[in-house]
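Report on the structure
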Amino acid sequence: MNFRPIFRIAALALAMFALTPTTASAHKLRERGVAVTIADSPLTVTPARDWNRLDGHIGKHVESWTLDGGQLNDVTFYAGIEPGKPLLRERSKKREPLPKFSAATLLVELPELLETTYRSYKQIADFRVVNVQPARFLGQDGVLFTYEYVDQDELTRQGEANAAIIGGRLYMVSFDAPRLHYFARGIEDFRRLVETARLP
Amino acid sequence: MIGRLRLAASALGLALALVPSAHAEPALPPPYAGAYQPQGVDEQGLWRQMDEEERRFAESDMVIRDEALNTYVRKVLCDTVGQDRCGATRVYIVRVPWFNASMSPNGLMQVYSGLLLRVHSEAELGAVLGHEFGHFEARHSLEELKARRSGTDVLSWALVLANLAPSYDMVRAYRDLQLTIIGNFYRFNRDQEREADGLGIRYLNSSMLRPQAAAQVWERLMAEFAADARAKGLKKPRFDRIPFYSTHPPEAERAATLALLARPDAAQRDDGATRYRAALAPWIPQLLDDQIKLNDFGASEFLIQSLAEGGWTAPLWHARGELHRMRGAPRDLANAATFYGEAVALDPNHAEAHRGLGLSLLKTGQPGPGQQALRRYLTLKPDAPDAKLIGMMIPQEVPAP
C-alpha cells in the first residue's frame, strides 16, 4: 500500500549502526585555501571558505560537500564518469538500473542525464530543467544549467550545475538547496568553489 | 495445483459469502450510515493525528492543484460511490509516478498521478477509488491500528537511535520511517482487502459505470509488471515490491472475484473511456514524461503501447521516441528517429518531437536532416530553455543549394 518495506528495515539497520562510534569521524573538513583532490580523481578544487566533505559512498567518482548539512546545501562532484556508467551507485543493477552516461551523450543531453538520474534514484516525478546555457567549465566548452524539483521530503529544491565532457569522461558539479532561503544563500559560495576547479 | 485449487476455492467462498446466490441478486452496497464521527480514544486519536497530517499534506508541494483535474477525479469518485458517501472525502492528487491510491480514516484520499496514467476509463478509475473508499467505510484502519500498535514501539526506538546519530541523513531516514509506519496503518490484511474489493464492486454495480472494468485494471497491471520483469531479465515479477500490491490478494484471485461479483446485466454500460481520455488529454504528456524518465524501459514501453490501443497520437509517438533515445543504444536511436518522425507527421508543430528527431539524427550520423529538425525546433520554440545551446549545434548560415 505505502512505501517499500525495505526502507523500514534499512532505516532500522542504519539507526542501529549509528550507535557505533566510528561514524562520528566520517566527515572531513575541507579548509579554506587548501587544494584538495576530488574522489581520487585528477580534479582538484581550492575552496574559498571552509566546507565539509560528507562521507557517503554514493558513487565511485562522486563526492558530496556541504555547509550546513546535505539537506540544506549539497555540492556533488561527479569527477570523471566513464562511458557506460551511471552517475551514482545503483542500488540494484538489475531491478533499479540508473541511466548511463555514454560516449554518444551530447552536451545538451547532460541536463537530461541528471534529471533522469534524480527521478529514478529518488523516485520523484516533479523535476523541471529551468535553463540551459553554454558555459566554460574546467577550461573547456561545457554546459551550465539550472533546475527545480520536489524532493522525497516534499520540499522544493533548486539546483545549478556545471558540466563538460573531457577526454570522453563526464565532469560535473551540482549544487542543490531548498528553494526557500538556502539556495540563494549558498549559490555564491558554490560558484566561487566551481571557479577553482582544475584538471591537470 | 493445490495452490490454484485453494485460490479458486477462496475466490468462490468470497463470492458466496458476499452474494448469497450469485445469480439471483446483484451485489449492492449496504445503506450509507451518514457522516460518521470517531468513537473511543483509539479512533478519536487516530482521526486527530490524521487531521493534523492532512493540514500539513494540503500544503505539500507534491499536490497537484489544477482545478479541472481535481473536479474531474472527484466526480468519478462521486459517480462511483454515490453523492452521499462522497461528501465524507477530500481528494488530493499527488504527483508520484506509481500506481497507488490510499484513504486515511478521516476521509483524506490520495490519488497518485501514476494511477491516472494507468487506468483507461472512468469505470476503471472508479474501481480503484471505490476499493479505497471501501477500506474507509469498513474502517479497516482502526482495526489495523489496534492490531499493529507494536509498530509504534518500533518507531519510538528508531527515534531514540536516530537522535544518537551524527548525520542529517539519519533524521531523514527517521522521517521516511515515520511515513512508512504511518503508512502501515493503512496496510491492510488480505481479508480486509477482499472486503474492500467486495464493497468497491458493489459501488460500481449500483453506479452508472460498467463494473466489469474492475477486473481489467488488475489484468493490465499484471501485464505491466510482467513486461517490466521481462525487460529487466528477471524470472518473474515481484508484485510484493510494488506499493499498492504488497498486501493485496493474489491478482489472479482478485480478477476472478471481481469478474464474478460484477453485475452481469451491467456489462453493456458505458465505461466512460471517451470522457476519461478527453479529461486526461492535457495531462498525458506530463504523466508520460514522469513515467519514461524513471528509466523503467519495460513498463514504460508497455504503458505507451497500451495507451496506443486507443489510437496513436503525437504525444504517444514522442514519448516512445524519448524512451528509446534516452536508453541510447545505436538501434534505439534509429528507432527513436522513426518514432519522432511519426510524431511530427501527426503534429508538425510538436516542437519537442523536432528536437528529439534532430538529436537522434545527429547521433546516427545524419547531420543534415538533424540540423534541419533542430532548426525547426528553434523556430517553433524560440524561448526553449536550451535554445542557446541547440543554436550552437546548427551552422549559422544555411549553405546555398
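Residue positions are counted from 1 within each chain, in the order its sequence is given. By the order in which they are written, chains take letters starting at A while ligands take numbers starting at 1. Given that the model is predicted, a residue must reach a pLDDT of at least 70 before its local features are reported, and side-chain atom pairs must reach 80 or more before they are shown or counted; all residues, however, enter totals for whole chains, interfaces and linings.

**Observations regarding the overall build of chain A**
Put simply, the test is: Secondary structure elements follow DSSP: runs of H or I no shorter than four residues count as helices, runs of E no shorter than two count as strands, and numbering proceeds from the N terminus. The exposure scheme places C-beta atoms from the backbone and then counts, for each residue, the other C-beta atoms within 10 Å of its own, assigning buried at 20 or more, exposed at 12 or fewer, and partly exposed in between. The contact criterion used here is simple: two residues whose C-beta atoms, placed from the backbone, lie within 7 Å are in contact.
Along the backbone of chain A there are three helices and 10 strands. When the helices and strands of chain A are read in sequence order from the N terminus, they spell out α-β-β-β-β-β-β-α-β-β-β-β-α. Across the 200 residues that make up chain A, the buried fraction comes to 43%. The long-range share in chain A, meaning contacts at least 24 apart out of those at least 6 apart in sequence, stands at 41%.

**A closer look at the nonpolar core**
Our working definition: Take the buried Ala, Val, Leu, Ile, Met, Phe, Trp, Tyr and Cys residues, join any whose C-beta atoms are within 7 Å, and the set you get is a nonpolar core. A domain assignment, automatic or from a database, supplies the domain bounds used here.
With 124 residues, the main nonpolar core has Tyr78(A), Ala163(A) and Ala214(B) as its most contacted residues. When residues in this core are grouped by element, the largest group, eight residues, is from helix H11 (residues 213-231) of chain B. When residues are assigned to domains, this core turns out to be shared by domain 1 (2-266) and domain 2 (281-392) of chain B, each giving three or more. If near-sequence neighbours (up to four positions away) are discounted, Ala163(A) is found in contact with Leu110(A), Phe137(A), Gly142(A), Val143(A), Leu170(A), Tyr171(A) and Met172(A).

**So, the domain arrangement of chain B**
All names here are of chain B. Partitioning chain B into domains gives domain 1 (2-266) and domain 2 (281-392). Counting residues at the interface gives 14 residues for domain 1 and 13 residues for domain 2. Looking at the side of domain 1 that touches domain 2, the elements with two or more residues in it are helix H5 (113-118) and H11.

**Section: the pairing of strand E6 (residues 74-81) of chain A**
Strand residues, when the strand is regular, have side chains that alternate between the two faces of the sheet. Residues and elements named next belong to chain A. Where we set the bar: DSSP bridges decide pairing: two strands pair if at least two such bridges lie between them.
The buried fraction of E6 is high, at eight of eight residues. Sheet analysis places E6 next to strand E10 (residues 169-178), joined by seven bridges and oriented antiparallel. Its bridge partner being in E10, Phe-77 is matched across the sheet by Val-173.

**Some details on helix H19 (residues 367-380) of chain B**
Residue and element names in this part refer to chain B. What counts, and what does not: In a helix, the anticipated span is given by 1.5 Å times the number of residues less one. The reported arc concerns the directions from the helix axis to the C-beta atoms and nothing else.
A rise of 1.5 Å per residue sets the reference length of H19, with its 14 residues, at 20 Å; its end C-alpha atoms lie 20 Å apart and thus fit the reference within 8%. Among the residues of H19, Gly-370, Ala-373, Leu-374, Tyr-377 and Leu-378 are the ones counted as buried. One side of H19 carries all its buried residues, which in axial view fall inside an arc of 140 degrees. Counted as exposed and oriented over 90 degrees from the buried face of H19: Gly-368 and Thr-379.

**Considering the confidence of the model for chain A**
Rules: Here pLDDT means the predictor's own confidence in every residue, given as a number from 0 to 100.
Chain-level pLDDT for chain A is 88 on average; 88% of the residues reach the 70-or-more range. In this model, residues 1-5 of chain A is a region of pLDDT below 50 whose contacts with residues beyond four sequence positions or in other chains number 22 contacts.

**Topic: the confidence of the model for chain B**
All names here are of chain B. Of the residues in chain B, 77% reach a pLDDT of 70 or more, and the chain-wide mean stands at 81. Under a pLDDT of 50 for its full length, residues 1-24 has, in the predicted model, 21 contacts with residues more than four places off or in other chains. Predicted as a complex, the structure gets a pTM of 0.83 and an ipTM equal to 0.86.

**What about the pairing of strand E8 (residues 140-150) of chain A?**
Residues and elements named next belong to chain A. Both strand E7 (residues 127-137) and E8 contribute to a ladder of 10 bridges, which runs antiparallel. Counterpart to Gln-133 in the pairing with E8 is Leu-144. Pairing analysis gives eight bridges linking E8 to strand E9 (residues 156-166), with the strands arranged antiparallel. Residue pairing in the sheet places Tyr-149 in a bridge with Arg-157 of E9.

**Quick notes on unusual backbone geometry**
Notably, His181(A) is not glycine yet its phi reads approximately 70 degrees, a positive angle. Inspection of the secondary structure puts His181(A) in the loop between E10 and helix H3 (182-195). The residue Asn295(B) is not glycine, and still its phi comes out positive at about 60 degrees. With respect to the helices and strands, Asn295(B) occurs in the loop between helix H14 (284-292) and helix H15 (297-307). The class of Asn295(B) is buried, set by 20 C-beta atoms lying within 10 Å.

**Here's the deal with the sheet that holds strand E4 (residues 51-54) of chain A**
Residues and elements named next belong to chain A. Put simply, the rule reads: Note on definitions: angles span 0 to 180 degrees between N-to-C directions of axes, and those axes are lines fitted to C-alpha atoms, for helices only across the stretch in contact.
Pairing in this open sheet of eight strands is antiparallel, and the strands run E1-E4-E5-E6-E10-E9-E8-E7 from one edge to the other. Across the chains shown, the open sheet's two edge strands, defined by having one partner strand only, are strand E1 (28-30) and E7. Across the sheet, the mean angle from the axis of one strand to that of its neighbour is 25 degrees, orientation sign disregarded. Against the sheet, helix H2 (residues 110-122) engages E7, E8, E9 and E10, with an angle of about 140 degrees to E7. In the packing of H3 onto the sheet, contacts are made with E6, E9 and E10, and the angle to E10 comes to roughly 155 degrees.

**Re the environment of Arg320(B)**
Mapping Arg320(B) onto the fold places it in helix H16 (residues 314-327). Arg320(B) has contacts with Ile304(B) and Phe339(B), leaving out every residue within four places of it along the chain.

**Focus on helix H17 (residues 330-346) of chain B**
Residue and element names in this part refer to chain B. Across its 17 residues, H17 extends 25 Å between first and last C-alpha, which sits within 8% of the 24 Å expected from 1.5 Å per residue. Those residues of H17 that fall on the buried side of the exposure criterion are Leu-333, Ala-336, Ala-337, Phe-339, Tyr-340, Ala-343 and Val-344. On the buried face of H17, the contacting elements are H16 and helix H18 (351-363).

**What about the packing of H16(B) against H18(B)?**
Residues and elements named next belong to chain B. Just so we agree on the cut-off: Handedness of each helix crossing follows the sense of rotation of the near helix against the far helix: counterclockwise by less than a right angle gives left-handed, clockwise gives right-handed.
Contact geometry of H16 with H18 gives a least axis separation of 10 Å together with a crossing angle of 30 degrees. Crossing angle aside, the handedness with which H16 passes H18 is left-handed. Residue-level inspection shows Ala-314, His-318, Gly-321, Glu-322 and Arg-325 of H16 in contact with H18, the latter providing Glu-352, Ala-353, Gly-356, Leu-359 and Ser-360.

**Quick word on the packing of helix H3 (residues 67-81) of chain B against helix H6 (residues 122-137) of chain B**
All names here are of chain B. Short version of the rule: Here the word oblique covers every angle except those under 35 degrees (roughly parallel), over 145 (roughly antiparallel) and from 65 to 115 (roughly perpendicular). Side-chain classes are defined by residue name, with Ala, Val, Leu, Ile, Met, Phe, Trp, Tyr, Cys and Pro counting as nonpolar, Asp, Glu, Lys and Arg as charged, and the others, Gly among them, as polar.
Their axes nearest at 9 Å, the elements H3 and H6 cross at an angle of 70 degrees. Comparing their axes, H6 and H3 come out roughly perpendicular. From H3, Val-76, Leu-77, Asp-79, Thr-80 and Val-81 reach across to H6, where they touch Glu-122, Leu-125, Gly-126, Leu-129, Gly-130 and Phe-133. By residue class, the composition of the contact of H3 with H6 is six nonpolar, three polar and two charged.

**Section: the sheet that holds strand E3 (residues 101-103) of chain B**
Residues and elements named next belong to chain B. If you walk across this open sheet you meet the four strands as E1-E2-E4-E3, and the pairing is mixed. Sheet topology places strand E1 (63-64) and E3 at the edges, where each strand pairs with a single neighbour. Direction of pairing for strand E2 (residues 90-94) relative to strand E4 (residues 108-112): parallel, over a ladder of five bridges. From the neighbouring strand, Val-91 faces E4, where its bridge partner is Met-109. Where H3 meets the sheet, its contacts fall on E1, E2 and E4, and the angle it forms with E2 comes to roughly 125 degrees. Against the sheet, H6 touches E3 and E4, its axis set at about 25 degrees to E3.

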